[in-house]
Structures are given as C-alpha cells and as structure tokens.
Amino acid sequence: SEQRQRAVLDQTRLQLDSSATRILVFGDLVFSKGGRQFSYVAEHAMFGEPVLLTQAQLTDAAVDGAPSRLVSIENETSFYDYIEQTDCRRELVVCSMGQANRLLVRFIKSLAGRMSEFVHWGDLDRSGVLILDSLRRRTGLDIRPLLMDVATFDRHRELALPLAGSEHDQIVSLLQRRPDIICTDLLRRISETRTWLEQENVLPASY
C-alpha cells in the first residue's frame, strides 16, 4: 500500500525518484479527463514552451488531439535545441531523459492509433542504440531512428570521442548476439572507428 511504502521510505531515508513520474512534452497536444478538456500543452507550445506532465495528470486522461508525428529525444539539452526549430503543429516532441520511464512508455503507447510516425533521436553509441531498442520493445511500436545513422556520424566525426575501456568489445558482442538489432550499420561504424558521438554535438538542423 502507499502508506506502507511511505513508512519504508521514512525508515530507510530513501526518496522517490520524481523523474520516473514526469515527462517533458512540446507540441499541439490536447487531452481530456473527468469530463474536461485541457489544451495548456498546445497553448504553451505556441510560445515555444514545453510543459512538464506528471503521472497524476495523465492517469485516466484521453488524447483528443495531437500532431501526426512523435519525436522522442534522449537528452534534455538536445530536446530544447530541437523544439526551437520545429513546428509544434506538425510534431509532438517528448524527452526521454535517458532510458524512457514507464510513464513515457505508457504515453507513447496511448498514441499508437492516432499518430502515423514515431522516431527517436539519441546518442550515437551503444547505449543510445539500446535505449532506442528498449523503447521499441516496450511500446511495441516501429519507432525509427532519427539522426542515428552512418551519414550523420560521418558528418560530425571531428567531434567524436574515443571509446572507453571495453566498450568496443561490448559492441562486437552485441552485434554477434543480435545481428538484426536496429542501427546495425551505425554500430559497425562506431566499432570500426573506435569512436562515438554525443547527441549534443549533432545539431537538429542536420536533419
């Protein structure tokens, strides 16, 4: 129960991770709940502003209106860079802040019948690919990579960083175990060059 959970947290001095119960959203989103319609996400988007939605706000909510394309972005800095140049009426942009939390997964799944395209943009490294792979598996949707390809990697090679420790061996192992994983060409190029690229070093205008 919630009361028991709170007692355990008090005794152990642990705190709930609030990042697991909230998501950053930008775009022309309208939802309804309890017989009322809420359009404040769309209204803020008209001013170029994202909105932080919580689990409480989205529980039992139904999406009434949204753009036809969803863009999931791994890192917060890149999220803010991206929304500066996108059309809020064309794209709904969310920030996964690393591995997508359960709230974001549920939210994306709720858009399955409404949107025609789902893409994800993350770091050009093994972890970035695994985050995309996890998002695809957990939502059951054909979420495609955005700016996570060999051409993008090659355009920004001067900003690439060397692979640390045994990361090269882990990429080789991943490709052997899962030769059909998403972004295999990118992983091979990372392995060949023994370098990786932070998402923040790729400008949204590159798309």
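Okay, so let's go over this structure.

Cut-offs and rules
Residues take numbers from 1 onward in each chain, read along the sequence in its written order. Since the coordinates come from a predicted model, pLDDT governs what is reported: local features require at least 70, and pairs of side-chain atoms require 80 or more to be given and counted, while whole-chain, interface and lining totals use all residues. Hydrogens and water are ignored here; the side-chain numbers use all heavy atoms of the structure. What makes a nonpolar core is a set of buried Ala, Val, Leu, Ile, Met, Phe, Trp, Tyr and Cys residues whose side-chain atoms join them at distances within 4.5 Å. Think of it in three bands: residues with accessible area under 20% of the maximum for their type are buried, residues over 50% are exposed, and the middle band is partly exposed, with areas taken using a 1.4 Å probe on protein chains only. Secondary structure is summarised from DSSP: a helix means a run of H or I of at least four residues, a strand means a run of E of at least two, and numbering begins at the N terminus for each. Contacts are assigned to residue pairs with any non-hydrogen atoms lying within 4.5 Å of each other. Note on definitions: salt bridges are taken to be side-chain nitrogens of Lys or Arg within 4 Å of carboxyl oxygens of Asp or Glu. Think of it this way: a Phe, Tyr or Trp ring, Trp meaning its six-membered ring, pairs with another when their centres are within 6.5 Å, and the plane angle makes it stacked under 30 degrees, edge-to-face over 60, tilted otherwise.

With 58 residues, the main nonpolar core has L29, L53 and F107 as its most contacted residues. Sort the elements by how many residues they give to this core and helix α5 (residues 102-110) lands first, with five residues. Once residues lying within four places of it in the same chain are set aside, the contact partners of L29 are F38, S39, V41, A42, L53, V63, G65, A66, L92 and F107.

For side chains of opposite charge, pairing can occur when their charged atoms come near one another. Tallied over the full model, the rule gives twelve salt bridges. Across the pair R69 and E117 runs a salt bridge, and its minimum N-O distance is 2.9 Å. Of this pair, R69 sits in strand β6 (residues 69-73) while E117 sits in strand β8 (residues 117-121), and the two are 48 residues apart along the sequence. A relative accessible area of 34% means that E117 is categorised as partly exposed. Between D87 and R89 there is a salt bridge, with its nearest N and O atoms 3.1 Å apart. On the accessibility criterion, D87 (30% relative accessible area) is partly exposed. Via salt bridges that share partners, R69, R90, E91 and E117 belong to a single interconnected network.

Take the packing of aromatic side chains next. A full pass over the atoms with the stated rule returns five aromatic pairs. Their ring planes at 80 degrees and their centres at 6.3 Å tell us that F38 and Y40 sit as a pair that is edge-to-face. Arranged with centres 5.4 Å apart and planes meeting at 80 degrees, the rings of F79 and Y80 form a pair that is edge-to-face. In this structure F79 comes out as buried when scored by relative accessible area, which is 0%. Taken together, the ring pairs connect F31, F38 and Y40 into an aromatic cluster.

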